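Okay, here's what each chain looks like letter by letter:
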Amino acid sequence: MSYPSITINTKYLTENAETMVRLCGSAGISVMAIGKACCGDISVARALTAAGVKWLGDSRLQNLMTFKKAGIDKPLCLLRLPMLSEVSQLVSVADISLVSEMATAQALSQAAVSQGVVHKIILMVDLGDLREGLLPDDVLPAARFMADLPGIELHGIGVNFACYGCVMPSYQKLEQLVGLANDIRLATGLSLPVVSGGNSASVFLVPNKIPVGITQLRLGESILLGRETVYRNPVPGCHLDAFTLSCEIIELKEKPSVPDGELCTDAFGNPPSFVDKGIRRRAILGIGRQDVIVDGLIPFDHGADILGASSDHLIMDVTDVARPLEVGSVLKFNVQYSALLTSMQSSYVNKIYL
Ligand SMILES: *Cc1c(COP(=O)(O)O)cnc(C)c1O
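Residues numbered from 1 in each chain as written. Predicted model: local features only at pLDDT ≥ 70, side-chain atom pairs only at ≥ 80, totals over all residues. Heavy atoms only, no water.

(A) Summary view of a nonpolar patch on the surface. A cluster of nonpolar residues, V258, L263 and F274, forms a patch on the protein surface that exposes about 270 Å² of accessible area. If you trace the backbone, F274 turns up in the loop between β10 (243–256) and β11 (279–285). (Patch = residues over 30% accessible without salt bridge, like charges linked within 9 Å, V, L, I, M, F, W, Y side chains within 5 Å. Areas by Shrake-Rupley, 256 points an atom, 1.4 Å probe, with all protein chains shown as cover. Salt bridge = Lys/Arg side-chain N within 4 Å of Asp/Glu carboxyl O. Helix = DSSP H or I, 4+ residues; strand = E, 2+ residues; numbered from the N terminus.)

Structure representation (structure tokens):
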């Protein structure tokens, strides 16, 4: 075994996705599974698509290409708004895109026509979070425009919450989305099967507080880590430990808790801040900020405290850890989204599949 390593329990991932499919299904909602925090990992994609989700989404075209090459047999959706420079490749790989710009829709139309395919668009609406999307007043004209484009099927509308503006999804806001979808149906005669009510932040509304007419949620974190993302409550039946990071102790010594000497800034230019707790037992682990966002790590061991990290070293206070530790001992961590994203991306972190 070599460290650091992240253990990926693919069975738990499938079970989590199944739980979300069941929960959402009880409210008439289909699930788009999103493994984008795992950087195009094909085993994760297979685990998610084994669970009866209807679509697979990712924010990066490269990852969708990986899935397509690997023969994933679900419709693929690009989550990040397409770059004009990638539309040609995009329509050859993905079935659906989220779009908020007429120019992009037009470029997709041209690419789809020239490749002889029909590309589906989910028109994004901004209901306050101030990331992507048309403001509500601009939705109907844009929908009319997109509905008329050759090679394009206006497949639905969608919204995103709690990403940039920290705006919570609510019954009222999602009802507004359903209303806009109905306006578009009336204006265009399209069936508009997809009304996409957001990401894992919308899960706390399911099943009883989400309006009828929402037909899709795009779920990443809640499937991967088992929690909805507004209150961070576990989703009943989901595993919270599908991913575990393991790191090895490379130094273990009793040292003072306050540095000795005139202080400057740390390796990242941050000013010093230390609390004097006297002599403490400190472990250095062989992982660092080049591999993982350290704030997103939660030690398994009761009493273990993360003090800080430089690029390649994670420094911990293990004075209060009850079990015996020595150089070579392994400490395990639960990962939050930031730590999952970074450790899956680091080529220095071994990936172990269960
Ligand atoms: C990442 C992303 C999602 C999934 O978000 P989670 O919080 O991980 O569920 C959904 N929609 C879009 C547009 C995204 O970029």
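(B) Structural view of the pairing of strand β2 (residues 30–34). Within β2, 4 of the 5 residues are buried, which leaves the element mostly enclosed by the surrounding structure. Summarising the sheet, β2 and strand β9 (residues 216–219) pair through 4 bridges and their orientation is parallel. The partner of A33 across the bridge, within β9, is L219. As paired elements, β2 and strand β3 (residues 55–58) share 3 bridges and run parallel to each other. Within β3, the residue paired with M32 across the bridge is W55. Regarding the hand of the β-α-β motif, the stretch spanning β2, helix α2 (residues 42–49) and β3 is right-handed. (Buried < 20%, exposed > 50% of the residue type's maximum accessible area, 1.4 Å probe, protein only. Pairing = 2+ DSSP bridges. Right-handed = clockwise from strand over helix to strand, strands pointing away.)

(C) Just the site of the ligand, in detail. Around the ligand, 13 residues are found, and the nearest of them are K36, S200, R218, G220 and E221. One of the side-chain N or O atoms of R131 is found 3.3 Å from an oxygen atom in the ligand. Out of a free accessible area of 390 Å², the ligand has 94% covered by protein chains. Among the residues forming the shell around the ligand, the class breakdown is 4 nonpolar, 4 polar and 5 charged. (Near = heavy atom within 4 Å. Polar contact = N/O pair within 3.5 Å; in protein donor to acceptor, adjacent residues only side chain to side chain. Nonpolar A, V, L, I, M, F, W, Y, C, P; charged D, E, K, R; others polar.)

(D) Structural view of the packing of helix α5 (residues 102–115) against helix α6 (residues 136–147). Two elements in contact, α5 and α6, have axes whose closest approach is 10 Å; the angle formed by their N-to-C orientations is 10°. By the criterion of interaxial angle, the relationship of α5 to α6 is roughly parallel. Mapping the contact onto sequence places M102, A105 and Q106 in α5 and A142, F145 and M146 in α6. (Axes fitted to C-alpha atoms, helices over the stretch in contact; angles between N-to-C directions. Parallel < 35°, antiparallel > 145°, perpendicular 65-115°, else oblique. Contact = heavy atoms within 4.5 Å.)

(E) Up close: the side chain of S109. Its location among the elements puts S109 in helix α5. Dropping the residues within four chain positions of it, S109 is found in contact with L149, P150 and I152.

(F) Examining the packing of aromatic side chains more closely. Counted under the stated rule, the structure contains 1 aromatic pair. When the ring of F204 is compared with that of Y231, the centres are 5.3 Å apart and the planes differ by 90°; the resulting orientation is edge-to-face. Taken together, the positions of F204 in the loop between β8 (194–196) and β9 and Y231 in the loop between α8 (221–225) and β10 put the pair 27 residues apart, joining distant regions of the chain. Between the NZ or CZ atom of R289 and the centre of the ring of F268, over which it lies, the distance is 3.6 Å. (Phe/Tyr/Trp six-rings, centres within 6.5 Å; stacked < 30°, edge-to-face > 60°. Lys NZ or Arg CZ within 6 Å of the ring centre and 35° of its normal.)

(G) Spatial organisation of helix α1 (residues 10–25). With 16 residues, α1 ought to run about 22 Å at 1.5 Å a step, and its terminal C-alpha atoms sit 22 Å apart, in line with that. T10, L13, T14, N16, A17, T19, M20 and C24 are the residues of α1 that are buried. Near the N-terminus of α1, the side chain that reaches the backbone nitrogen of K11, with its oxygen 3.2 Å away, is that of N9. (Expected span 1.5 Å × (residues − 1).)

(H) Here's a closer look at the pattern of salt bridges. Throughout the structure, instances matching the rule amount to 7 salt bridges. Close ionic contact of R232 with E221 constitutes a salt bridge, the shortest N to O distance being 2.8 Å. One end of the pair, R232, is in the loop between α8 and β10; the other, E221, is in helix α8, and 11 residues separate them in sequence. The exposure class assigned to E221 is buried, which follows from its relative accessible area of 15%. Across the pair E251 and K255 runs a salt bridge whose closest N-O atoms are separated by 2.9 Å. Taking relative accessible area as the criterion, E251 reaches 21% and is therefore assigned partly exposed. With a relative accessible area of 31%, K255 lands in the partly exposed category. A network of salt bridges, in which partner residues are shared, links R280, D317 and D320.

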